[in-house]
Amino acid sequence: QVQLVESGGGLVQPGGSLRLSCAASENIFSFNSMGWYRQAPGKQREWVASISKVGEATLPESVKGRFTISRDYAKHTVYLQMNSLKPEDTAVYYCHAVSLSSLDYWGQGTQVTVSS
């Protein structure tokens, strides 16, 4: 059973930075893609960033230039570096992975709160 464990969330002031980590229970080469979604209270879950098996990163315009996704194969970990955080970035952030057989896996989520 694949497990994804997020960490790194917390409370940060507007303009601050956080780095989220997603540790996978198996080699991340076994996934077609990995990424991050977020869900704010009362809103639908939205896509934040993805990185493909070949290392191509994609992000929506809402976070492009502020967020960066990266990975460390040796540590089986994907990261989300978040800079210039805004109050509207407040949400639970979820790690997501798609296996080679197109199965979806989710982490338990980590809370990010941007507030002064």
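Rules and cut-offs
- Residues numbered from 1 in each chain as written.
- Predicted model: local features only at pLDDT ≥ 70, side-chain atom pairs only at ≥ 80, totals over all residues.
- Heavy atoms only, no water.
- Pairing = 2+ DSSP bridges.
- Helix = DSSP H or I, 4+ residues; strand = E, 2+ residues; numbered from the N terminus.
- Axes fitted to C-alpha atoms, helices over the stretch in contact; angles between N-to-C directions.

Caption draft 1: Quick look at the pairing of strand β4 (residues 31–39). Pairing analysis gives eight bridges linking β4 to strand β9 (residues 91–99), with the strands arranged antiparallel. Its bridge partner lying in β9, Gly35 is registered against His96. Bridge analysis of β4 against strand β5 (residues 46–52) gives six bridges, and the strand direction is antiparallel. Within β5, the residue paired with Met34 across the bridge is Ile51. Counted between consecutive antiparallel strands, the loop separating β4 from β5 contains six residues, among which Gly42 sits at a positive phi close to 75°.

Caption draft 2: Structural context of the sheet that holds strand β7 (residues 67–72). Here we have four strands laid out as an open sheet, ordered β1-β3-β8-β7, and antiparallel in their pairing. What marks the edges here is a single partner per strand, and that holds for β1 (4–7) and β7. Shown here is a sheet whose adjacent strand axes are inclined to one another by a mean of 20°, direction ignored. Where β1 and strand β3 (residues 18–24) come together, four bridges link them in antiparallel fashion. In the strand pairing of β3, Val5 is matched with Ala23.

Interpretation in functional terms is not warranted from these geometric data alone.
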